[in-house]
Amino acid sequence: MKILVAPSILSADFSRLAEDIRKVQAAGADLLHVDVMDGHFVPNITIGPAVVKDIRKVTSLALDVHLMIEDPLKFADAFVQAGSDMLTVHIETVTIAELKLLRRKLAAAGVKLGISLNPPTAFNRVKPALPLVDFVLVMSVNPGFGGQEFIPGAIDKIRRVREVFKGDIAVDGGINAQTGAQVVGAGANILAAGSYIFKAKSYSAAIRSLKCAANR
Ligand code: DX5
Ligand code: ZN
């Protein structure tokens, strides 16, 4: 599977977001990972649909919108209308019936559906959702903040997902060249990375190193 790198704008400079986005696009990003936090599901607050809509205007990259919010069903339409290409919800926040509803809604809009699970959430919890989604986003940190350390338990979880799931597997949290190689080895193919890319001197060198590490 082709390895895709998705810079997470959580670690960008929000006072010059458009510029940072153009720079990562020019540096070889495949997707743009956009973290939406509500201060309830996670202990932090970020951005809403209005900002996603404006981001849509400044890049041709696919927008990979990661909803870390308590009530994703309530806001899904707004994020679709804002121009999301991929929408991820957390298994901790939805029932399977809600996921089915979301799947129908997103399919009609041509938006891909992803399911995510936090580090303490067991693989078995996400299993019934797998036939309903286009991709799985395995969290390798407890969501809320960039720059945290990779939790190694994610590797085994990725392996278990890959055993039964043929679609894309994304990983989010603490990804760098070293952990990137480990998760790709376990079966992941989309690397969301915030601080590793945006804190690097050269965005393109950082993105390249993720792809190279992954090819090893
Ligand atoms: C964490 C977010 C991540 C975050 C990753 O809650 O979902 O997307 O930006 O940041 P790094 O790559 O710095 O761990
Ligand atoms: Zn994220």
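The structure reproduced in this document is the subject of the present report. Model, not experiment: these values are computed from the prediction.

**A word on the sheet that holds strand β7 (residues 168–172)**
Sheet architecture is open: 8 strands sit in the order β1-β8-β7-β6-β5-β4-β3-β2, paired in parallel fashion. The sheet terminates laterally at β1 (4–7) and β2 (31–37), the two strands that pair on one side only. Mean inter-strand twist for the sheet, computed between neighbouring axes without regard to direction, equals 25 degrees. Pairing of strand β4 (residues 86–90) with strand β5 (residues 112–117), which is carried by 5 bridges, proceeds in the parallel orientation. Considered in β5, the bridge of Thr88 is made with Gly114. Helix-sheet contacts for helix α3 (residues 72–81) involve β2, β3 (62–68) and β4, and the interaxial angle to β4 is about 170 degrees. Packed onto the sheet, helix α4 (residues 96–109) meets β4 and β5 and runs at close to 150 degrees relative to β5.

**Focus on helix α1 (residues 17–26)**
Where α1 is concerned, the buried positions are Leu17, Asp20, Ile21 and Val24. For α1, the arc enclosing every buried residue in end-on projection is 100 degrees, short of the 170-degree limit, so these residues lie on one face. Those residues of α1 that are buried are in contact with β1, β2, α2 (49–58), α8 (195–198) and α9 (203–215). Of the residues flanking the end of α1, it is Gly28, one or two places downstream, whose phi is positive at about 105 degrees.

**Quick look at the packing of helix α6 (residues 153–164) against helix α7 (residues 177–186)**
Put simply, α6 and α7 touch, their axes get as near as 8 Å, and they point 30 degrees apart. Of the possible angle classes, the one that applies to α6 and α7 is roughly parallel. For the crossing formed where α6 meets α7, the hand is right-handed. Across the interface between the two elements, Ile155, Ile158, Arg159 and Arg162 of α6 pack against Gln182, Val183 and Ala186 of α7. Broken down by class, the residue content of the contact of α6 with α7 amounts to 4 nonpolar, 1 polar and 2 charged.

**Quick notes on the environment of Phe198**
Checked against the element boundaries, Phe198 lands in helix α8. In sequence terms Phe198 and Pro7 are 191 residues apart; their C-alpha atoms lie 7.8 Å from each other. Aside from chain neighbours lying at most four places away, what touches Phe198 is Pro7, Ser8, Ile9, Ser11, Ala12, Asp20, Val24 and Tyr203.

**Thoughts on the site of ligand 1**
Lining the immediate environment of ligand 1, one finds 19 residues, of which Ser8, Gly144, Asp172, Gly194 and Ser195 sit closest. Here an oxygen atom of ligand 1 and a side-chain polar atom of Ser8 are 2.7 Å apart. Between an oxygen atom of ligand 1 and a side-chain N or O atom of His66, the distance comes to 3.4 Å. Burial of ligand 1 by the surrounding chains reaches 100%, relative to a free accessible area of 380 Å². Of all the secondary structure elements, the ones that give two or more residues to the shell around ligand 1 are β2 and β3. Here the shell around ligand 1 takes 3 residues from β2, the largest share from any one element. By residue class, the composition of the shell around ligand 1 is 7 nonpolar, 10 polar and 2 charged.

**Digging into the packing of aromatic side chains**
For the structure shown, the criterion picks out 1 aromatic pair. Where Phe198 meets Tyr203, the ring centres are 5.4 Å apart and the plane angle is 75 degrees; that geometry is what we call edge-to-face.

**Quick look at the nonpolar core**
Core analysis: the largest hydrophobic core is formed by 66 residues, its most contacted members being Ile9, Val65, Leu87, Leu99, Ile115, Val136 and Ile197. Apart from residues lying up to four places away in sequence, Ile197 is in contact with Val5, Pro7, Val24, Tyr203, Ala206, Ile207 and Leu210. Ranked by size, the runner-up nonpolar core spans 10 residues in total, among them Leu4, Ala6, Met86 and Ile190.

What counts as what
Counting from 1, residues in each chain are numbered in the order their sequence is written. Chain labels run from A onward and ligand labels from 1 onward, assigned in the order the entries are written. In view of the model being predicted, local features appear only for residues whose pLDDT reaches at least 70, and side-chain atom pairs are presented and counted only at 80 or more, with totals across whole chains, interfaces and linings using the full set of residues. To get the side-chain values, take all heavy atoms of the structure and skip hydrogens and water. One requirement defines pairing of two strands: DSSP has to find at least two bridges between them. Note on conventions: DSSP H or I runs of at least 4 residues are helices, E runs of at least 2 residues are strands, and numbering of each starts at the N terminus. A fitted line through C-alpha atoms serves as each axis, taken over the contacting stretch for helices, and the angle formed by two N-to-C directions is quoted from 0 to 180°. Every residue pair with non-hydrogen atoms within 4.5 Å of one another is taken to be in contact. Here's how the labels work: a residue is buried when its accessible area is under 20% of the maximum for its type, exposed when over 50%, partly exposed in between, all with a 1.4 Å probe on protein chains only. What the arc covers is the set of directions going from the helix axis to the C-beta atoms. In this scheme, roughly parallel covers angles under 35 degrees and roughly antiparallel covers those over 145, while 65 to 115 is roughly perpendicular and the rest are oblique. Each crossing gets its handedness from the near helix: less than a right angle anticlockwise from the far helix is left-handed, clockwise is right-handed. Classification used: nonpolar for Ala, Val, Leu, Ile, Met, Phe, Trp, Tyr, Cys and Pro, charged for Asp, Glu, Lys and Arg, polar for all others including Gly. Nearness of a residue to a molecule or strand requires only that one of the residue's heavy atoms be within 4 Å of it. Here a polar contact is recorded for every N or O atom pair within 3.5 Å, except that within protein the pair must consist of a potential hydrogen donor and a potential acceptor, and residues adjacent in sequence are included only if both atoms are side-chain atoms. The method behind every accessible area is Shrake-Rupley, applied with a 1.4 Å probe, and residues are considered shielded solely by the protein chains displayed. Within 6.5 Å between ring centres, the rings of Phe, Tyr and Trp (the latter by its six-membered ring) count as paired, and their orientation is classed by plane angle as stacked under 30 degrees, edge-to-face over 60, tilted in between. Note on terminology: a nonpolar core comprises buried Ala, Val, Leu, Ile, Met, Phe, Trp, Tyr and Cys residues joined through side-chain atoms within 4.5 Å.

Bear in mind that shape data such as this cannot, by itself, settle questions of function.
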